[in-house]
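# Fold and contact review
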Amino acid sequence: MPAIERLGGGEAMKAPVGLSSRQSGLRSKCRVFSAARTGIHEKGAARPFQTPKEKSKRKKASRCAKTGCGAQRPLRALSGTRVLLTAAPTAHPCIRRRRRSSLLHFFLVSPIYGFAEDFMLQIEESMNHLGDYDVIVIGAGHAGIEAAHAAAMLGAKTAVFTMSLDAIGNMPCNPSIGGTAKGTLVRELDALGGVMGLAADATYLQSRMLNKGKGPAVHALRVQTDRKRYHEYMKHALELTPGLAIHQAEIISIEVEDGHVKGVVTQLNGEYGAKCVVIATGTNLGGKIFVGDAWYASGPDGMHAANALTESLKAAGLPLRRFKTGTPARVHRRSIDFSKLECQPGDPDNELQPFSFMTDAPMHNKVECWIAYTNPETHRIILDNIQRSPLYGGMIEGVGPRYCPSIEDKVVRFAGKDRHPIFVEPCGENTEEMYLQGASSSLPEDVQNAFYRSIKGFENIEIMRPAYAIEYDCVDPTSLEATLESKVVRGLYGAGQFNGTSGYEEAAAQGLLAGLNAARNALGESQLILPRQSSYLGTLVDDLVTKGVMDPYRMMTSRSEYRLTLRQDNADTRLTPIGREYGLVQDDRWTKYQQTQAVLDAERRRLHDAHLRTADLRAAMEAAGLAPAAEGGIAEELLRRPEIDYPLIAGMIGWGEGITPMLAERLETEIKYAGYIARQDRMIHEVARHEKTLIPEDFSYTELTGLTLEAREKLARIRPKNLGQAGRIPGVSPSDVAQLSIALAANQSKA
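The shown structure was predicted, so the numbers you read here are calculated from the model rather than taken from an experiment. (Residues numbered from 1 in each chain as written. Predicted model: local features only at pLDDT ≥ 70, side-chain atom pairs only at ≥ 80, totals over all residues. Heavy atoms only, no water.)

Judged by nonpolar contacts, the single largest core of 108 residues is most densely connected at Val135, Ile136, Ile138, Ile177, Met196 and Val278. Broken down by element, this core gets its largest block of residues, 11 residues, from helix 13 (residues 504-522). Residue contacts for Ile177: discarding those within four places in its chain leaves Met171, Val186, Met196, Ala200, Leu221, Arg222, Val223, Thr225, Tyr230, Phe355, Tyr504 and Glu505. Membership of the second largest hydrophobic core comes to 25 residues, among which are Val411, Val424, Ile455 and Ile461. (Core = buried A, V, L, I, M, F, W, Y, C linked by side-chain atoms within 4.5 Å. Buried < 20%, exposed > 50% of the residue type's maximum accessible area, 1.4 Å probe, protein only. Helix = DSSP H or I, 4+ residues; strand = E, 2+ residues; numbered from the N terminus. Contact = heavy atoms within 4.5 Å.)

Its location among the elements puts Glu603 in helix 16 (residues 587-609). We classify Glu603 as buried; its relative accessible area is 3%. Those residues in contact with Glu603 that sit more than four places away from it in its chain are Tyr646, Gly656, Ile659 and Leu667.

Quick look at the pairing of strand 14 (residues 260-266) now. Of all 7 residues that make up strand 14, 5 are buried, and the element is covered over most of its length. By the bridge criterion, 6 bridges tie strand 13 (residues 251-257) to strand 14 in an arrangement that is antiparallel. Across the sheet, the residue bridging to Val256 is Val261, located in strand 14. Taken together, the 3 bridges between strand 14 and strand 15 (residues 270-279) define a ladder with antiparallel strand orientation. (Pairing = 2+ DSSP bridges.)

Now for the packing of helix 9 (residues 376-384) against helix 12 (residues 445-453). Two numbers describe how helix 9 lies on helix 12: the axes approach to 8 Å, and their chain directions differ by 165°. Relative to helix 12, the element helix 9 is oriented roughly antiparallel. Considering only the axes of helix 9 and helix 12, their crossing is right-handed. Here helix 9 contributes Thr378, Ile381 and Ile382 to the contact with helix 12, which in turn contributes Val447, Ala450 and Phe451. (Axes fitted to C-alpha atoms, helices over the stretch in contact; angles between N-to-C directions. Parallel < 35°, antiparallel > 145°, perpendicular 65-115°, else oblique. Left-handed = near helix turned anticlockwise from the far one by under 90°.)

Right, let's get into the pairing of strand 22 (residues 421-426). Note that strand 21 (residues 369-373) and strand 22 share 4 bridges and pair antiparallel. Within the sheet, the bridge partner assigned to Ala372 lies in strand 22 and is Ile422. Taken together, strand 22 and the strand that follows it, strand 23 (residues 433-437), pair antiparallel across an intervening segment of 6 residues.

This paragraph deals with helix 16. End to end, helix 16 covers 33 Å across 23 residues, agreeing with the expected 33 Å (1.5 Å per residue, within 8%). Arg589, Trp590, Lys592, Tyr593, Thr596, Gln597, Leu600, Glu603 and Leu607 are the residues of helix 16 that are buried. (Expected span 1.5 Å × (residues − 1).)

The next point concerns the sheet that holds strand 20 (residues 342-344). The antiparallel open sheet is built from 6 strands, whose spatial order is 20-21-22-23-19-24. Two strands lie at the open edges of the sheet, namely strand 20 and strand 24 (463-465), each paired on one side alone. Going across the sheet, the axis of each strand differs from the next one's by a mean of 35°, ignoring polarity.

The backbone phi angle of Leu484 is positive, close to 75°, even though this residue is not glycine. Under the relative-accessibility criterion, Leu484 is labelled buried at 0%. Here Arg719, not a glycine, exhibits a phi torsion of approximately 50°, which is positive. Position of Arg719 relative to the elements: it lies in the loop between helix 22 (709-718) and helix 23 (723-727).

Below, the discussion takes up the environment of Thr378. Within the element layout of this structure, Thr378 appears in helix 9. Residues Thr378 and Ser454, spaced 76 residues apart in sequence, show a C-alpha to C-alpha distance of 5.6 Å. Residue contacts for Thr378: discarding those within four places in its chain leaves Phe451, Ser454 and Ile455.

Okay, structure coming up:
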């Protein structure tokens, strides 16, 4: 039998050529197999199999400019049999060589034998089938951790793959959890049974409640975390998760058959079968680092980029795009003159609140953070060197985050500002590394040294890790269902930055939802869709799959129409019953939830029944330095007054049994804002009515001439599940929704 030479080298790989009736051979389309990448164009037509000598001789002749992109070229065979290598139909014709592994669709054409299935079977058998899982998670960052944990806790046989076990739960950007809107996501994640809140409580260095001078709808918990301890906590949490296998390996391809994911292949030719796969690759997917005019393929923190997987996903038909983000320099603590900076302490220990509803341990702050400011000299240095930034020099193609711009972006876009704050935060309790939040950059190292040292307190700054920008691949999220399952490849789920978001918290929340739904899909159970009015997580997912994103998506309170109802303090009431129903909330959390609800209900009844005498109330208010009230009354009614809080009432009638400061604040908010909350509840019920008007999967929009052309195109592309979602698609007007409602009613009457 003829044999062909191994791709890119002289070592022969025996490949018998002949007809076969084996059922796993070529059917209506080519199977996907792993092969070495050496000597192959990255994105276009394939090179022939060559020996190193042949390769050298034919190097110039094989360039795209001379051979033409997209052509199928014969591979060298020993007996005249031609092996044709075809590029994926979605691949870009412009190509350059790369040394990494990737996926190739290929088949044999022989003048004697026709299609030779046995050749592909031989290639397939050269891989090692190492196991089968219900769910495989690619990546063990914040999204991958939650996805793997959720899937395994539901009873699905689960595996998580990471390029390095030492990078599980890594914080390549700011070592912090929470913040405006993000803190609410963490509480929601915890209420559903996630891990992030517990990890943040176990590893925090400083805790602060942001926006306390504003209304409760925008209160936001944020903690500075110990980066190394957070990684250790998360790694151990995964190791202790029953039914979860952890593998250190790079996934270079997904296997797809008949539009459904079937498994994954590792760089070491290991093959794993899977019913469902969750992609949580972060910024590693096609990652490219930029510092000035220098760039190299890489993920964050020196991790290598996952380039082969990008090609596999493109071959599978996923619509990918390029985004960009960045991170500031890390500097040595000893090089900072803290006497010239503003101190930013945490909240008093008696006011600290945990992220997790399961955390009861007392809390205390361990470190202080600081604030520095740029100045006109800093801005001058940046502007004088702005063309040396790859962002302004045209090297970076990806779109950066609108709400987390680099320092050079800030200086250019906000030219009227004399200064910008830089938050100086420790990376851990046992390290001297300090993080400079608000000063991310892609300028060259010499410029970074210059502009950092122009800042008061940074005159002698020692940069330990330079700032950099990173460009990466992600999917168009409108190609996802609200379950986060791909519409293109069934059983394939996305989470985190792969879905076009930014931030640890956004990633973790999506990871939990994707892992939960992947597990339930694999186990043959119904999947969870969270309406936008139910949670910030529901809002985030609805925005992604309905509206899409033009730049990395960041969760903000302004994105929710119902933020007074979707507060961080009541996340357990909103979501823990859902988590219990879908199997993620375990018995201990459910018991704790029921106890908390019982305590709150009892205290509401007590406040409703308690009557305060006028004399007692006036004395308490005078002691608190408040203008005395005209008269006493029911405790619940008195709490509606802006100047009266729960501690003042409790000073007269005592604290309710089991009421903590956190629960007291929650009760007070519910009572003071009861009218506004009731109004939002009515809005939610009205929206729910539209959500119940379902749109058939095969509904045709082309015949609805009453709709604008833009509305018809977007409705046909996104294919909303219900009338409410249709109305939130950009370009679909209220009149379009009205026309669609009439058409749906007519369609239903015909049925």
